[in-house]
Amino acid sequence: SVGTPYWFKRRDDDCKGFETIRLTWLNKFGCWDYYSFTKKNERSTKIKRPEIKNNLGVWNSGGYSKYAYQGGRAVLNTAATKVVKAVSDWFTSDIEAAWIEGLFVSNEVYILNGFDDMDTGAGGAEFSKYITPVIVKSKKYTKFTQANDKLDQYEIEVEYSINSAVQKA
């Protein structure tokens, strides 16, 4: 039996020069879906710095020695997480708008970082060479329809699942 034909459109960077963010996700059927966000995307870094309070001195040799350089607050550790806010092109059908919901609810999402036609994979999978694992941080998905909304753009926020390397305090 013959299945439903699917058409794929290759999209390059937006004509206005916006960076394309290409996401892939595991859909509810266990297959991989892909979408390129071609509009204005925003990259930022979320930084957490838990602090500790150091003593002004030490008990040593039977007495208390005060050292000004040791006291006050200090950073215990710095965690820097990259965040990407991606904006889609205009969705043109109710079917596309319903389909993109799979991205918002998927547990397994990656950013695709390109590919190399000459890479045969013979040396084993190079996990971080082409894909970067991310976590969807958007808390809400609103399904747009032609009848109600004349369709719209979608905005999704994802965080890299691996923190950036920073110097330990």
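For the structure itself, consult the block above.
Reading the values: rules and limits
Residues numbered from 1 in each chain as written. Predicted model: local features only at pLDDT ≥ 70, side-chain atom pairs only at ≥ 80, totals over all residues. Heavy atoms only, no water. Helix = DSSP H or I, 4+ residues; strand = E, 2+ residues; numbered from the N terminus. Buried < 20%, exposed > 50% of the residue type's maximum accessible area, 1.4 Å probe, protein only. Contact = heavy atoms within 4.5 Å. Areas by Shrake-Rupley, 256 points an atom, 1.4 Å probe, with all protein chains shown as cover. Salt bridge = Lys/Arg side-chain N within 4 Å of Asp/Glu carboxyl O. Pairing = 2+ DSSP bridges. Axes fitted to C-alpha atoms, helices over the stretch in contact; angles between N-to-C directions. Polar contact = N/O pair within 3.5 Å; in protein donor to acceptor, adjacent residues only side chain to side chain.

Student: For this particular structure, what's the right way to read the overall build of the protein chain?
Tutor: Scanning the protein chain from N- to C-terminus turns up four helices and eleven strands. Burial statistics for the protein chain: of 169 residues in total, 27% are counted as buried. Considering only residue pairs separated by 6 or more positions, the protein chain has 60% of its internal contacts joining residues 24 or more positions apart. Just so you have it, the protein chain exposes about 12,500 Å², and 52% of that area is on carbon and sulfur atoms.

Student: Looking at this structure, I do not really get the pattern of salt bridges. What am I missing?
Tutor: Pairing of side chains with opposite charge becomes possible as their charged atoms draw close. Applying the stated criterion to the full structure yields three salt bridges. Here lysine 39 ties to aspartate 89 by a salt bridge, and the two come within 3.9 Å at their closest N and O atoms. Of this pair, lysine 39 sits in the loop between β2 (32-37) and β3 (42-48) while aspartate 89 sits in the loop between β8 (79-87) and α1 (94-99); the two residues are 50 residues apart in sequence, bridging distant segments of the chain. Under the relative-accessibility criterion, aspartate 89 is labelled buried at 18%.

Student: In this structure, what is going on with the pairing of strand β11 (residues 155-160)? I would like to understand it.
Tutor: Put simply, side chains in a regular strand alternate between the two faces of the sheet. Relative to β11, β8 runs antiparallel, the two being bridged by five bridges. When the bridges of β11 are listed, valine 84 appears paired with valine 158. Where strand β10 (residues 131-136) meets β11, three bridges bridge the pair, whose relative direction is antiparallel. From the neighbouring strand, isoleucine 135 faces β11, where its bridge partner is glutamate 159.

Student: In this structure, what is going on with the sheet that holds β11? I would like to understand it.
Tutor: Think of a sheet as strands paired side by side through backbone hydrogen bonds, with each pair either parallel or antiparallel. With respect to topology, seven strands assemble into an open sheet ordered β2-β1-β9-β10-β11-β8-β3, the strand pairing being antiparallel. Each edge of the open sheet is held by one strand with a lone partner, namely β2 and β3. Each strand axis lies, on average, 35 degrees off the axis of its neighbour in the sheet, ignoring direction.

Student: What am I meant to see in the pairing of strand β9 (residues 109-112) here?
Tutor: The sheet contact formed by strand β1 (residues 21-26) and β9 spans four bridges and is antiparallel. Across the sheet, residue tryptophan 25 finds its bridge partner in β9, namely valine 109. As defined by bridge partners, β9 adjoins β10 across four bridges and the pair is classed as antiparallel. Each bridged residue has a counterpart across the sheet, and for valine 109 the counterpart in β10 is valine 134.

Student: So what exactly am I meant to see when it comes to the side chain of asparagine 27 here?
Tutor: Along the polypeptide, asparagine 27 turns up in the loop between β1 and β2. Here asparagine 27 falls in the buried class, since its relative accessible area comes to 15%. Reaching out from asparagine 27, the side chain makes a polar contact with the backbone nitrogen of phenylalanine 29 at a distance of 2.9 Å.

Honestly, that's just the spatial picture; any functional story needs more than this.
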